[in-house]
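Observations on the model geometry
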Amino acid sequence: MNGLLLKDWISLRTAIVLVVIVFLFCTALFVPWGVSSVVFLIGIAMALLLPVNAMTLDTASRWERYVLALPLSRREILAARYQFAYLCLGVVALICGIAAVVSVLFLDGYDLLGVSPLIWWTGCMGVALLILDLMLAVYFVYRMNIGILLFVVVCFVPTLAVYVQDLMVPALLSPLALVLLLAGLLGLWISWRVALQAFECWDAA
């Protein structure tokens, strides 16, 4: 299974380095201005980009023809894909979490709509979890990569927020963020079970 993770690293190492550089630059650019939530949205997009690229490369090269012949169980193969996707999200979540804490401790402690960056972080990471849950489940059930579509949706979120900001109630964002995070964690378990059941029926055709 570690070999499968190494394969993704070798295939995407240039993209990973570029994504990290861009993300750290955006963090340094936006956090001092008290708009950490923008960094969180960029982080979600970055966390999506790498797994999407990995699955696109696998599909283009018909990787399943080879990987299903390896002396690995379907569970181990699936676990490697999930580990890579959530490892990407974990790194993003860590950097964004540090940015949120720094914003609270050393800046004014508030972000868009006067809401704490920690609340924005919680909600954005919940959304990111839900997106990855859906993307991975759909990929293994239907052999369809919808990551690009979800990536485009995330990119349009800031534009949508401009039009609905008057409808957003700051007092409701805290419980909503917690619900999103819990839903994302529950969705991870559901996504895994659904994907594993579907992947057991895959063949190399």
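Since this is a predicted model, take the numbers as computed values, not measurements.

**Notes on the side chain of Asp8**
- Among the secondary structure elements, Asp8 is positioned in helix 1 (residues 2–30).
- Look past the residues within four positions of Asp8 in its chain and what remains in contact with it is Ala54, Arg81 and Phe84.

**Side note on helix 5 (residues 117–142)**
- When the terminal C-alpha atoms of helix 5 are compared, their 37 Å separation across 26 residues agrees well with the 38 Å that a helix rising 1.5 Å per residue should span.
- Looking one or two places after helix 5, you find Arg143, whose phi comes out positive at around 55 degrees.

**A word on the pattern of salt bridges**
- What the rule picks out here adds up to four salt bridges.
- Between Lys7 and Asp8 there is a salt bridge, and its shortest N-O distance comes to 2.9 Å.
- For Lys7, a relative accessible area of 17% translates into the label buried.
- For Asp8, a relative accessible area of 4% puts it in the buried group.

**Here's the deal with the packing of aromatic side chains**
- Counting across every chain of the model gives four aromatic pairs.
- Aromatic side chains Tyr82 and Trp192 sit 5.4 Å apart centroid to centroid with 85 degrees between the ring planes, which places their arrangement in the edge-to-face category. In this pair, Tyr82 sits in helix 4 (residues 74–106) while Trp192 sits in helix 8 (residues 170–199), placing the two residues 110 residues apart along the sequence. Taken as a pair, Tyr82 and Trp192 share a single burial class, namely buried.
- Judged by centre distance (5.3 Å) and plane angle (70 degrees), the ring pair of Phe140 and Phe199 falls under edge-to-face.

**Topic: the packing of helix 2 (residues 36–60) against helix 5**
- Across the interface, helix 2 lies against helix 5 with an axial gap of 9 Å and an inter-helix angle of 15 degrees. The angle between helix 2 and helix 5 places the two elements in the roughly parallel class. You can see that helix 2 and helix 5 cross each other, and the crossing is right-handed. Of helix 5, the residues touching helix 2 (which contributes Ser36, Ser37, Phe40, Leu41, Ile44, Ala47, Leu48, Pro51, Val52, Met55, Asp58 and Thr59) are Pro117, Trp120, Trp121, Cys124, Val127, Ala128, Ile131, Leu132, Met135, Leu136 and Tyr139.
- By residue class, the composition of the contact of helix 2 with helix 5 is 19 nonpolar, three polar and one charged.

**Here we look at the nonpolar core**
- Leu78, Tyr82, Tyr86, Leu89 and Phe140 are the most contacted members of the largest nonpolar core, which totals 55 residues.
- The set of elements that each furnish at least two residues to this core consists of helix 1, helix 2, helix 4, helix 5 and helix 8.
- Among the elements that make up this core, the one with the highest residue count is helix 4 (15 residues).
- Once residues lying within four places of it in the same chain are set aside, the contact partners of Leu78 are Phe140, Trp192, Ala195, Leu196 and Phe199.

**Some thoughts on the confidence of the model for the chain**
- Scored by pLDDT, the chain comes out at a mean of 81, with 85% of its residues at no less than 70.
- At the level of individual helices and strands, the chain shows its lowest average pLDDT in helix 7 (residues 157–164), which scores 59, and its highest in helix 8, which scores 89.

**Considerations on unusual backbone geometry**
- With a phi close to 55 degrees, Arg143 is a non-glycine residue in the positive phi region.
- Along the polypeptide, Arg143 turns up in the loop between helix 5 and helix 6 (147–155).
- Residue Arg143 is classed as partly exposed on the basis of its relative accessible area, which comes to 37%.

**A few points about the environment of Gly43**
- Within the secondary structure, Gly43 is located in helix 2.
- Taking C-alpha positions, Gly43 is 8.9 Å from Cys124, a pair spaced 81 residues apart along the chain.
- Residues within four places of Gly43 in sequence aside, it is in contact with Phe23 and Val92.

**Section: a nonpolar patch on the surface**
- Together, Leu94, Ile98, Val101, Val102, Val104, Leu105, Phe106 and Leu118 make up an exposed nonpolar region whose accessible area comes to about 740 Å².
- Looking at the nonpolar patch element by element, the count peaks at seven residues for helix 4.
- For Leu105, a relative accessible area of 59% translates into the label exposed.

Thresholds, definitions, all that
- Residues numbered from 1 in each chain as written.
- Predicted model: local features only at pLDDT ≥ 70, side-chain atom pairs only at ≥ 80, totals over all residues.
- Heavy atoms only, no water.
- Helix = DSSP H or I, 4+ residues; strand = E, 2+ residues; numbered from the N terminus.
- Contact = heavy atoms within 4.5 Å.
- Expected span 1.5 Å × (residues − 1).
- Salt bridge = Lys/Arg side-chain N within 4 Å of Asp/Glu carboxyl O.
- Buried < 20%, exposed > 50% of the residue type's maximum accessible area, 1.4 Å probe, protein only.
- Phe/Tyr/Trp six-rings, centres within 6.5 Å; stacked < 30°, edge-to-face > 60°.
- Axes fitted to C-alpha atoms, helices over the stretch in contact; angles between N-to-C directions.
- Parallel < 35°, antiparallel > 145°, perpendicular 65-115°, else oblique.
- Left-handed = near helix turned anticlockwise from the far one by under 90°.
- Nonpolar A, V, L, I, M, F, W, Y, C, P; charged D, E, K, R; others polar.
- Core = buried A, V, L, I, M, F, W, Y, C linked by side-chain atoms within 4.5 Å.
- pLDDT = per-residue confidence, 0-100.
- Patch = residues over 30% accessible without salt bridge, like charges linked within 9 Å, V, L, I, M, F, W, Y side chains within 5 Å.
- Areas by Shrake-Rupley, 256 points an atom, 1.4 Å probe, with all protein chains shown as cover.

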